[in-house]
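Descriptive analysis of the structure
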Amino acid sequence: MSGPDMQGESPLFLPLVLVGGILFGFGLGYSHMARPEVVLDFLQFTDFGLLFVMFGAAIVTGLGFALIPRLRSAAPLTGQEYTRRLKSFDRNVLIGGAIFGVGWGLSGICPGAAYASLGIGNITILWALVGMFAGAYLQGVWRSR
Amino acid sequence: MVTELIDPSVYDALFPEGITRYAVGGVFVGLGAVVIYFGTGIIAGASTFLESTLSYVSDQSRFQRYRYDRDWRIVFTIGIILGAAIYGIFWQGELWTTDVQPVRLLVGGLLVGIGTRIGKGCTSGHGVCGVGSASKTSIVGVMTFLLVAIGTAQLVMALEVMP
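Not measured: the values here are computed from a predicted model. Here, residues in each chain are numbered from 1, in the same order as that chain's written sequence. To read the labels, note that chains go from A and ligands from 1, taken in the order they are written. With the structure being a predicted model, the display of local features is reserved for residues of pLDDT at least 70 and the display and counting of side-chain atom pairs for 80 or more, all residues being used for whole-chain, interface and lining totals. Heavy atoms throughout the structure, all of them, feed into the side-chain values; hydrogens and water do not.

1. Some points on the overall build of chain B
Summing up its helical and strand segments, chain B has eight helices and zero strands in all. We count a stretch as a helix when DSSP gives it H or I for four or more residues in a row; a strand needs E for two or more, and each element gets its number in order from the N terminus. Beginning at the N terminus, the succession of helices and strands in chain B can be written as α-α-α-α-α-α-α-α. Referenced to the eigenvectors of the C-alpha coordinate spread, the extents of chain B come out at roughly 65 × 40 × 40 Å. With 163 residues in all, chain B has 55% of them scored as buried. Long-range contacts, defined as pairs at least 24 residues apart, comprise 49% of the intrachain contacts of chain B with a sequence gap of at least 6. Accessible surface is estimated by sampling points in the Shrake-Rupley manner with a 1.4 Å probe; for residues, cover comes only from the protein chains shown. If you sum the accessible surface of chain B, you get close to 7,300 Å²; carbon and sulfur atoms cover 68% of it. This count recognises Lys and Arg as positive and Asp and Glu as negative, with His and chain-terminal groups excluded. Note that the charge is assigned to NZ on lysines, CZ on arginines, CG on aspartates and CD on glutamates. Charged side chains in chain B number 10 positive and 11 negative. The centres of these two groups are separated by 18 Å. Exposure is judged per residue with a 1.4 Å probe applied to protein chains only, and the accessible area is read against the type maximum: over 50% gives exposed, under 20% gives buried, and values in between give partly exposed. We call two residues in contact when some of their heavy atoms are within 4.5 Å.

See below:
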C-alpha cells in the first residue's frame, strides 16, 4: 500500500485526497457522528441512527470497491492496482477491538469522528486527540521493541 | 386496511431524530472513501494518521514504516476537519462543544488509540472500508468493538455518569 514510488505520481494526488477527506468529514458532521453524545445515544439504545451511517457508508464503499476494478485496471493518479481491504485475522483483532470498544463506549469518540469534531468547533475534543496520540505512541513503542 | 410495516411509535422510539441525516451522512462518508479509492487505489482509514504523524517526531520503526504515507494522511485529516467545518458553518451555524467530561475523553481516547493499532483498524478502517470489502476479519473486529462499546456505555449510564 505504501512505498517511495506512490507519491508524486500526479500533481492531482494530494488535491484528490483533500476532496475525499472533505466529503468524508462532511458526512461525519452531517450525520452528527462528530458529536460524542449522538454516538453514546446509539450505544445506550436511545437512538439507533448510527447503524444507518455505518451501513450506509459500507454499502457505498462496497459498491465502489466491487465496481471500480471492473472499469479500470489501475488507479489513474498512482498507477496502483485496485485491491480490497483484507487483513489477516489473529487474536489481536479481538484484543485490540475490545480495548477500542471500552474507549469508544467510555467517550463516544473514534479517530475520524474526533478529527471532524474539531471542524464543528468542538475544542474540548482535543482531550480525546491527545489521548489517541498517546495511546498510539505507547502501542508503537511497545511493538517496536 | 393497510398495516404499517413499522409501527410509528416504535419508529419514534428507535429513531427519535429520524434516519435521513444518518443515511445521507453515511453516504457522504462512503463517497469520500470511494473518491480516494478511484483516483489512487488507496483504501483510507482514519486511524493510521495517528502513527504516520508520529513518524515526524519519533524514530521508532513502528512509526517510520509509515513515512511515505504521512503526507497524504495529513491532507486527508485536514480534509475531514474542513468537511465537518462546512457542515458547521452552513448547517449548524454556531460552534458546538461536547458535554462529555474531559477525563472520559482523555482516557477513552487513550484506549481508542491503543486498541485501533492492536486491532488493525477503527470504525472507518474496519467499519466502513473493511465491511465494504466483505472482510471477515473486519466484520469480526466490528462485532467485537461494537459489543464491548455497548456494554461499556450501558455501564457508564447505569452508574449515572451523564451525558
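Past the structure itself, the notes keep going.
2. Concerning the nonpolar core
For the purposes of this section, nonpolar cores are sets of buried Ala, Val, Leu, Ile, Met, Phe, Trp, Tyr and Cys residues that join through side-chain atoms within 4.5 Å. Within the largest apolar cluster, 60 residues are counted, with the highest numbers of intra-cluster contacts made by Met-33, Leu-43 and Trp-104 of chain A together with Phe-76 of chain B. Once residues lying within four places of it in the same chain are set aside, the contact partners of Trp-104 of chain A are Val-39, Leu-40, Leu-43, Leu-50, Met-54, Ile-109 and Cys-110 of chain A together with Val-112, Thr-123, Phe-145, Leu-146 and Ala-149 of chain B. Counting ten residues, the second-largest nonpolar core is a separate cluster that includes Ala-75 and Tyr-82 of chain A together with Tyr-37 and Cys-129 of chain B.

3. A closer look at the confidence of the model for chain B
In this model, chain B carries a mean pLDDT of 93, and residues with pLDDT of at least 70 account for 97%. Note on the complex model: pTM 0.94, ipTM 0.94. Per-residue confidence from the predictor is reported as pLDDT, which spans 0 to 100.

4. Considering the interface of chain A and chain B
Across the contact, 113 residues belong to chain A and 119 residues belong to chain B. For the pair chain A and chain B, the two sides together bury roughly 10,800 Å², of which 74% comes from carbon and sulfur. Note on terms: buried area is the combined drop in 1.4 Å-probe accessible area of two parts once they are placed together, counting the loss on both. Ranking the residues of chain A by area buried against chain B places Phe-24, Arg-85 and Tyr-115 of chain A at the top, with a combined share of 8%. For this analysis, a salt bridge means a side-chain nitrogen from Lys or Arg found within 4 Å of a carboxyl oxygen belonging to Asp or Glu. For the interface between chain A and chain B, the tally reads one salt bridge. A salt bridge links Lys-120 of chain B to Asp-90 of chain A, with the shortest nitrogen-to-oxygen separation between them at 2.9 Å.

5. Details of the packing of aromatic side chains
Describing an aromatic ring pair means giving the distance of the ring centres and the angle of the ring planes. Pairing of aromatic rings covers Phe, Tyr and Trp, the last through its six-membered ring, and needs centres within 6.5 Å; plane angles under 30 degrees mean stacked, over 60 mean edge-to-face, and all others mean tilted. All chains considered together, the criterion is met by 21 aromatic pairs over all chains. Where Phe-26 of chain A meets Trp-91 of chain B, the ring centres are 5.1 Å apart and the plane angle is 65°; that geometry is what we call edge-to-face. One end of the pair, Phe-26 of chain A, is in helix H1 (residues 13–30); the other, Trp-91 of chain B, is in helix H5 (residues 70–92), on a second chain. With relative accessibility at 10%, the residue Phe-26 of chain A sits in the buried group. Judged by centre distance (4.8 Å) and plane angle (45°), the rings of Phe-100 of chain A and Phe-145 of chain B are tilted. Placement of Phe-100 of chain A in helix H4 (residues 91–107) and of Phe-145 of chain B in helix H8 (residues 136–158) is noted, with the two residues assigned to different chains. Judged by relative accessible area, Phe-100 of chain A falls into the buried class, the value being 0%. Members of the aromatic cluster, joined through ring pairs, are Phe-26 and Tyr-30 of chain A together with Phe-28, Tyr-87 and Trp-91 of chain B. For a ring to carry a charge above it, either NZ of a lysine or CZ of an arginine must fall within 6 Å of the ring centroid while also lying within 35 degrees of the normal to the ring plane. Seen from the ring of Tyr-22 of chain B, Arg-21 of chain B lies directly overhead, with NZ or CZ sitting 5.7 Å from the centre. The ring of Tyr-68 of chain B has Arg-67 of chain B sitting right over it, with the charged end atom 5.3 Å from the ring centre.

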